[in-house]
Amino acid sequence: MPRLVSDRAEKTANVVVLPSSLENPNNAPPGTYRIFLLSVCVSILAFFTALIIAYVWRSQTPPFWDGIHLPLTLWFSTGIIVASSVPFEAARRVYRRGNHRLASRLFVVTACMGAGFLASQIAAWRELVREGAYMSQNPHSSFFYLFTGLHAAHLIGGLVMLLVILFRKYPRRELVDVVVYYWHFLGVLWLVLFGVLHLIT
């Protein structure tokens, strides 16, 4: 494959080689993943902020607002998603040091904990259904299913990206960093959502 060199290469004793990502047009330029992450996180944050504002405003309007009992399972799922950031961050750091085998094992641990969080959320939904709290029952239950369901959907996206870096041969460190930061973002977002649901019930 021909290598791109600086236009000053003929005037210098040393050849100046441009970044390798520019040699292969299929590779994204450095920083692309981070810009994409920032855009996604800002969009998600704006969306959930609007939902939270609507939730707080609607809770102040008593007619047809019947509070629901939050399942205790949510505390368990909260602990799982918070704890899952620990092995994921550890995987990111050891991957940067070149220990890909240990990083892969930590990726698997994180994926299992993410699946455990989703299973715990499903258990919470089933518990509410057994108690007769359906999505269309009243605004409170509707907001609960919206918050938890949309967050779970975004977490599934994070799991998909986690599987991509797990099964992809030597993914770029920038991609690994972006997926880990996105996972941390979802963890913080869940803490906010859970706090709002817990305070306004």
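Scroll up for the structure.
As the structure is a prediction and not an experimental result, all values here were calculated from the model.

Engineer: So what's going on with the overall build of the protein chain? Residues and values would help.
Structural biologist: Across its full length, the protein chain carries five helices and zero strands. Overall, the protein chain shows an N-to-C arrangement of helices and strands of α-α-α-α-α. Burial statistics for the protein chain: of 201 residues in total, 41% are counted as buried. In the protein chain, the proportion of contacts linking residues at least 24 apart, taken out of those at least 6 apart, comes to 76%.

Engineer: An account of the side chain of Ser59 is needed here, citing residue identities and associated values.
Structural biologist: Here Ser59 is to be found in helix H1 (residues 32-59). By relative accessible area, which is 15% here, Ser59 ends up buried. If near-sequence neighbours (up to four positions away) are discounted, Ser59 is found in contact with Trp65 and Ile200.

Engineer: An account of the environment of Thr73 is requested, with residue identities and associated values reported.
Structural biologist: For Thr73, the location among the structural elements is in helix H2 (residues 73-96). When the C-alpha atoms of Thr73 and Gln121 are compared, they prove to be 7.5 Å apart, with 48 residues separating the residues in sequence. Residues in contact with Thr73, not counting those within four places in the same chain, are Ser120, Ala123, Ala124 and Glu127.

Engineer: Quick rundown of H2? Include the residues and the values.
Structural biologist: Here H2 spans 36 Å end to end across 24 residues, near enough to the 34 Å set by a 1.5 Å rise per residue. Gly98 occupies a position one or two residues after H2 and carries a positive phi of about 95°.

Engineer: Now, about the nonpolar core: what can you tell me, with residues and values included?
Structural biologist: Counting residues in hydrophobic clusters, the biggest one holds 51 residues, and the most contacted among them are Phe88, Phe107, Phe144, Phe147 and Ile165. Breaking this core down by element, the ones donating at least two residues are H1, H2, helix H3 (100-130), helix H4 (139-167) and helix H5 (173-199). The biggest single contributor to this core is H5, with 15 residues. Here Phe88 is in contact with Phe107, Thr110, Leu162, Ile165, Val179, Val180 and Trp183, once residues within four sequence places are set aside.

What counts and how
Here the residue index of a chain counts from 1 through its sequence in written order. Whole-chain, interface and lining totals are the exception, using all residues; otherwise, since this is a predicted model, local features are given only for residues with pLDDT of at least 70 and side-chain atom pairs are given and counted only at 80 or more. No hydrogens and no water enter the side-chain calculation; it runs on all heavy atoms of the structure. We count a stretch as a helix when DSSP gives it H or I for four or more residues in a row; a strand needs E for two or more, and each element gets its number in order from the N terminus. Exposure categories follow from relative accessible area, calculated using a 1.4 Å probe and restricted to protein chains: below 20% of the type maximum is buried, above 50% is exposed, and the middle band is partly exposed. Only heavy atoms enter the contact rule, under which two residues are in contact if any of them lie within 4.5 Å. A helix is expected to reach a length of 1.5 Å times the quantity of its residues less one. Here, nonpolar core means buried Ala, Val, Leu, Ile, Met, Phe, Trp, Tyr and Cys residues that are tied together by side-chain atoms lying within 4.5 Å of each other.

Treat this as a map of the structure, not an account of what it does.
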